[in-house]
Structure formats: structure tokens, C-alpha cells
Amino acid sequence: MTQTVISLKDVWKVYHMGDVRVNALQGLNLDIHQGEFVSIVGPSGSGKSTSMNMIGCLDIPTKGHIFLYGKDIAHLHESDLAQIRGRSIGFVFQKFNLISTLTALENVTLPMMFQDISREDAEERARSLLTRVGLADRMHHRPNELSGGQQQRVSIARALANDPAIILADEPTGNLDSASGELVMDLLKKLHDDGKTLILVTHEAELADQAQRKCLLKDGKIVKIQKRRD
Amino acid sequence: MLGQSFLYAARGLAHRKLRSWLTMLGIFIGIAAVVALISLSEGLKVAIDEQFSKIGADKIFVLPKGTFGGFESDAARLTVSDKDRLARIPGVDEATTYVFKAGLISLEDENVPVYVTGIPEDAQERALSIEIGTWEIESGKWFDGGDGDKVVIGNDFARTEILDDRLKLGDSVKVNDGTFEVVGILTRIGDPSTDGGVFIDEDMMRDAFGLDDEETNFIGVRLQRGADIAVVQERMERELRKAHDVDEGKEDFEVQSPEELLATFTAIFNIIQAVLIGIAAISLLVGGIGIMNTMYTAVLERTQEIGVMKAVGARNRDILSLFLFESGLLGMAGGVVGIVLGMGLSKGVELVASQVFGSPLIRAFFPIYLIVGALAFAFFVGVLSGVLPAYQAARLQPVDALRYE
């Protein structure tokens, strides 16, 4: 049995919107193992984004526990969570979310700076990562000088900056044409092949089907887990 | 981290050029005002210090009560006998006196009011008077003691056309009813009674103005080496009270030392400086509020970026320092421009003062503490103004920040 990297135990998230209580997650249970490729699918409003925030340590649950490598992180301080995120999880967002005033190279360097890695080392690594995603000739371009596909590849390089074990991709192809989307998916799958744990949050069944395990989310709970038959 | 902060801050500012410049406007007006005002008043202080050090610390002056280096008041009177009494006091090396009155000077037909000072005939007294007056010859020479038809003129008469023509050595001018030959021209010192005054022999002056032999306006003494200035001053006051038959507290004279005068000047300057700095501080406060406003806008605009940075591992304090750095940079950039502007401004004032008004007292002085202090203060104002916006940025929850549109 491979090691469990993230484990969600009876996780609840309740939002208060005025007088209305919204139960975004209602007792979510999920274990994700080392090196696994898991997709989380569901219609809008099913709690996809909230569960992604929980898995990515971007938010803490109202109730329940989240274990990252066996350590309960559900009640840690935001700054401690930030450190854990920076080291363990790489994010790929639907809208790329690059810093518009920084070049591709500087964007990739950024996560390493928050881990107090020296500038020289960080830049060297950022260069090799950008080369790996095929953007060696685009390092000094700003996001607005790059196509959507290129921006998403920069953000994949950024996700890899601190060599995290987990890559969390939220609708990574949502803003891309199909050719760029395929390229991005290929890159992500290659990362999985290289041993990364890949978690893909999407509403596209076709993408979700590529995962080893597909978790169907509905009303804040996992209603179905499908394993891919190879 | 520091390099990255700088990069991020600088890029942010450069990205919003117009807004950054407008924000800095408040700071650089404030800093320019501080730098210009302080450099000019420091320059003035230095000039006055120099003036007083020329007079020397071993002098004590006596003036009729109610005068402050200007003209006589009606009731109070000093006499030549007073001078002789003071010269005999233990601790006093020598004493001198001189008279000055308002008179009229003319080259051809035009009469112009002028300060006239009578220079004593006695060589020792003359030397002391000239030393105390800080009268330096720029061209020509002093007349000999008792030489009644010569005059030394203040610099203004030679430099500008106060009379029909500029005066030069050898010219013949009329002072009141007497005719005098110009034999010397003084250096400018910035005091109108010297620069716009004329100097003639004392006896000649007493005749021309119809003064008796006793009346005088000023007594100056030089202390013996090592004498205690306060003790001698006290003795002089006692002696003059006896001579004038007045009680303590009702004196019709004032005994002053240059140090006292300097202290008075310094006190006045400090007040003026404090007021000026107060005004500049208000401008800096407004500038600071401008920075705060800009930083709040920046935090709002970059909420999503803050979310991204937090997602990729930025701690609260990383975000805090990023924004503090940016606002500090705004302040400091404003400070640099402000210092340059302020230096230019005070140099300009100095130039106008010396070229147009001929005043050597107005000069710009840039002590290093002023430059460094102004820069540090501008940075401090920037950082301080950024504290609240940066704190707001640091406290943002990553999920909320990422979701922000």
C-alpha cells in the first residue's frame, strides 16, 4: 500500500451568507496516495472549488480533519499553512494567475523566494524548469506577451519551483483552445509519470476520465469513486 | 527575499507611472520645502555665527536701553565719561565708543538719507571700534585719525546707484553740510547700517551734527585675557548704575555680550525654523495620506496577486514587507526628487539674494545630516503610510483573495 499524502476526514465547510447557511462540504472523506492521479469532477455548486481549497491547504474546514503526510493541518495558522503549501503543493489555476508585472522567469522564481532560497539558485532552477516546459526562449517575457498556452506552461513551471510532491490543477485547460489544452494536459501527465501526485479538478468528463481515480462530487460529498480500467 | 521585494515593488511602481508620480508629488513638495527652508536658515545661522566670531568672544557692548544695533532712543543717553569709567574697571583691557546718527548724503543735487558713524581719533580706540563693527576695507584705506575731510563708504554706494552715480575712490561727496573725499570702500556684510552707511572722523561728525563732546551711542570694551565675561559684565552694570544714578532693574542702558546676542538670534532662528518645519510637516502629512490612499488602491487592485503569492507560499509577513517596501520606496523616491528640488530652490534663492539684493547673509547650506535626514524621513513617511494598507494585504485569506475579481 502506497503512502497516503492527503487525507480528508469528515470535512465540513459552512459559509454564512447573511442569514443563509450554505453547507459547501458536508462530511467529505477522501484519501489521496503518493504518486496517484486523481480527478475530482462535479457540476457547478457541487463543492469542487471548496474541496480544492481544502486539499490545497488554502482554507481550513469548519469541522473535520485534513492530514498532510499524517499531520493534521486543519487548525494551523495561515502563515504556517503558507509554508506547507509553498513546499508541498504546486498550484495550476484556470486563469494562470501569473504576476503581471514580473517576467516568466521572475514568476517561476517567486515561490522559491518565499522559501528563502538564494536568488542565484532560484534563478538557475527557474531557467531549467522553463526549459523543461518548452519556454527557454520566452523567459524574459511578461505574461501579457505570452499566449494562454504559454502562460499556463509558465504556471506549471512555477508549480514545480519548490519541487512539491503534489500538483493541484484547477480546470487547467478551461481557458485554453484544444491544442494548447492538450499540450498542458500532456505536460501534467508527464509530471505524474515522473512520480508527482496529480490532483485535477474539472467539470470536463473527458479530462477527468484520464485520471487513475475519478471522484464524483455532489452536494458537498463524494458520491462515487471510479477506478480507470487499464 | 529583499531583492525580490525590491523588484516587485519597483515593477509595481513603474507599472503605474502616472499614479506613482502624482502620489510622490505630495512628498516631494514637502521634502523640497523642508530642505530649502532648513538649508537657508542653516546658511543664515552660519553667516551670523561667522559675523559674531569676527567680533570675538572677548567683547562687551553697552547700548542705550531700547536699541538693538539701530538708532538711539530719546531719553537714554550714553556718555564718553561712561566709557572712561568702564575702561578703569578690573578685567577691562580697553574701551571705545562711537556715535552714529541719521544724516543726508549727496553727490550732486539729490539728497539721500544715510547712516553716519563717527570713528574716534585715538588709534587704539579706532582699532577696537573697527574690530567690533567688523568693518573691512574692500578697496582704498581708512583715513588717518583726525583727518576730517575724508570718508569711508559702505559697499552699497559703490555697488548700486543710490546717488546719481556709483561712488568710487577719489569722488567728492557731501554729508550733511561737509564735503568729503572717498578714500575707502567697505566689504559687504549684509547689515544695512554698515553697507548703506558712511564713516567719518568723530570730531568732524560732532561739528557737523552739532553734538556736544559727551554724547555717544555705543560703548564697546575688550576684556583682559582670561577675564570672566559674566563677572566683568556685572561690574560694568554696577558702575553704570552708579554713574547714571539708577536702581537695579530701572537701567537706561543695556550691557550685552556677543554670546548673549548670538543666543538671542539663535533662539529666534529656532522658533522660525520650528514654524517652517511645522508647515513642511503638514505637507508631508498630506503626502503620507496620499501614499496611504495609493497603497490601499494597490492592495485592492492586486488582491488576486496577493492570493497567488499566498498560494505559492508567501507568509503574512512576506506580504507585509512587500507592501511596506513599496510604500517606503514611493516615499524615498519622492524624497530624492524633493531633495534635488529643495537644493535647487535654496540655491536659486541664494543666487537671487546675492545678485539682486546683494545680501551675503542668504546662502544655501547643505549639511550632510540634512540630506541623509530628509531621505530617511521620506522613507519613514512612506513606510508609515504603508503600514495599514500592507497590514490589510497581509491579513487577506488566500481563498478570498484568489476569488477576488
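Residues numbered from 1 in each chain as written. Chains lettered and ligands numbered in written order. Predicted model: local features only at pLDDT ≥ 70, side-chain atom pairs only at ≥ 80, totals over all residues.

Considerations on the overall build of chain A
Item 1. A count of helices and strands for chain A gives 7 helices and 10 strands.
Item 2. By principal-axis analysis of the C-alpha atoms, chain A measures approximately 50 × 45 × 40 Å.
Item 3. Intrachain contacts of chain A at a sequence separation of at least 6 include 68% that bridge at least 24 residues. (Helix = DSSP H or I, 4+ residues; strand = E, 2+ residues; numbered from the N terminus. Contact = placed C-beta atoms within 7 Å.)

A closer look at the overall build of chain B
Item 1. Counting secondary structure elements, chain B contains 13 helices and 12 strands.
Item 2. Its C-alpha radius of gyration of 31 Å places chain B more than 25% over the 22 Å reference for a compact globule of 405 residues.
Item 3. Along the first, second and third principal axes, the C-alpha atoms of chain B reach 95 × 50 × 35 Å.
Item 4. Looking at the 405 residues of chain B, the share that counts as buried comes to 41%.
Item 5. Pairs at least 24 residues apart make up 81% of the contacts formed inside chain B by residues separated by at least 6 positions. (Rg over C-alpha atoms; globule rule 2.2 N^0.38 Å. Buried ≥ 20, exposed ≤ 12 C-beta atoms within 10 Å, placed from the backbone.)

Observations concerning the interface of chain A and chain B
Item 1. Contacts between chain A and chain B engage 23 residues on the former and 21 residues on the latter.
Item 2. Put simply, the parts of the chain that give the side of chain A that touches chain B at least two residues each are helix H2 (78-88) and helix H3 (104-113) of chain A.
Item 3. Of all the elements, H2 of chain A adds the most residues to the side of chain A that touches chain B, at 6 residues.
Item 4. The residue inventory of the side of chain A that touches chain B, partitioned by class, reads 9 nonpolar, 7 polar and 7 charged. (Nonpolar A, V, L, I, M, F, W, Y, C, P; charged D, E, K, R; others polar.)

Quick word on the sheet that holds strand S7 (residues 166-170) of chain A
All names here are of chain A.
Item 1. In spatial order, the strands read S6-S7-S8-S3-S9-S10; together these 6 strands make up an open sheet with mixed pairing. Only two strands of the sheet have a single partner each, and these edge strands are strand S6 (89-92) and strand S10 (221-227). On average, each strand axis in the sheet is tilted by 20° relative to the strand beside it, whichever way the strands run.
Item 2. By the bridge criterion, 5 bridges tie strand S3 (residues 37-41) to strand S8 (residues 197-202) in an arrangement that is parallel. Paired with Ser39 across the bridge in S8 is Leu200.
Item 3. Running at roughly 170° to S6, helix H5 (residues 148-159) makes contact with S6 and S7 of the sheet. (Pairing = 2+ DSSP bridges. Axes fitted to C-alpha atoms, helices over the stretch in contact; angles between N-to-C directions.)

With respect to the domain arrangement of chain B
Residues and elements named next belong to chain B.
Item 1. Under the domain assignment used here, chain B contains domain 1 (2-52 + 262-403) and domain 2 (58-256).
Item 2. The straight-line distance from the C-alpha centre of domain 1 to that of domain 2 is 50 Å.
Item 3. The interface of domain 1 with domain 2 comprises 5 residues on the first partner and 5 residues on the second.
Item 4. For the side of domain 1 that touches domain 2, the per-class residue count stands at 2 nonpolar, 3 polar and no charged. (Domains from an automatic or database assignment.)

With respect to the packing of helix H3 (residues 80-87) of chain B against helix H8 (residues 229-244) of chain B
Packed helix pairs are characterised by how far apart their axes lie and by the angle those axes make with each other.
Residues and elements named next belong to chain B.
Item 1. Following both chains from N to C, one finds H3 and H8 inclined at 140°, their axes separated by 10 Å at the closest point. As the angle between them shows, H3 and H8 are arranged oblique. Note on packing geometry: the crossing formed by H3 with H8 is right-handed. In this structure, H3 contributes Asp82, Arg85 and Leu86 to the contact, and H8 contributes Met236, Glu239, Leu240 and Ala243.
Item 2. A class-by-class count of the residues in the contact of H3 with H8 yields 4 nonpolar, no polar and 3 charged. (Parallel < 35°, antiparallel > 145°, perpendicular 65-115°, else oblique. Left-handed = near helix turned anticlockwise from the far one by under 90°.)

Observations regarding unusual backbone geometry
Item 1. At Asp10 of chain A, a residue that is not glycine, the phi angle is positive and equals roughly 50°.
Item 2. Secondary-structure assignment places Asp10 of chain A in strand S1 (residues 4-17).

Quick look at the nonpolar core
Soluble globular proteins: nonpolar side chains tend toward being buried together.
Item 1. Membership of the largest hydrophobic core comes to 119 residues, with the highest contact counts inside it found for Val108, Leu130, Ile167, Leu168 and Ile199 of chain A together with Ile31 of chain B.
Item 2. Top element by residues in this core is helix H2 (residues 17-55) of chain B. It accounts for 14 residues.
Item 3. Among all residues touching Leu168 of chain A, those that are not within four sequence positions of it are Met52, Ile55, Gly56, Ile89, Gly90, Phe91 and Ile199 of chain A.
Item 4. In terms of nonpolar packing, the next biggest core, distinct from the first, is built from 47 residues, Leu63, Val99, Phe100 and Val198 of chain B among them. (Core = buried A, V, L, I, M, F, W, Y, C linked by C-beta atoms within 7 Å.)

Regarding the pairing of strand S9 (residues 213-218) of chain A
All names here are of chain A.
Item 1. Where S3 meets S9, 4 bridges bridge the pair, whose relative direction is parallel. When the bridges of S9 are listed, Ile40 appears paired with Cys215.
Item 2. Counted along the chain from S9 to the antiparallel partner S10, the turn is 2 residues long, and its residue Asp219 has a positive phi close to 50°.

Quick word on the packing of helix H9 (residues 258-301) of chain B against helix H11 (residues 316-355) of chain B
Residues and elements named next belong to chain B.
Item 1. At a closest axis distance of 11 Å, the pairing of H9 and H11 adopts a crossing angle of 140°. Between H9 and H11, the crossing angle belongs to the class labelled oblique. Seen from above, H9 lies across H11 with right-handed handedness. Residue-level contacts link Gly287, Ile291, Met295 and Val299 of H9 to Phe323, Ser327, Leu330, Gly331 and Gly334 of H11.
Item 2. For the contact of H9 with H11, the class distribution of residues is 5 nonpolar, 4 polar and no charged.

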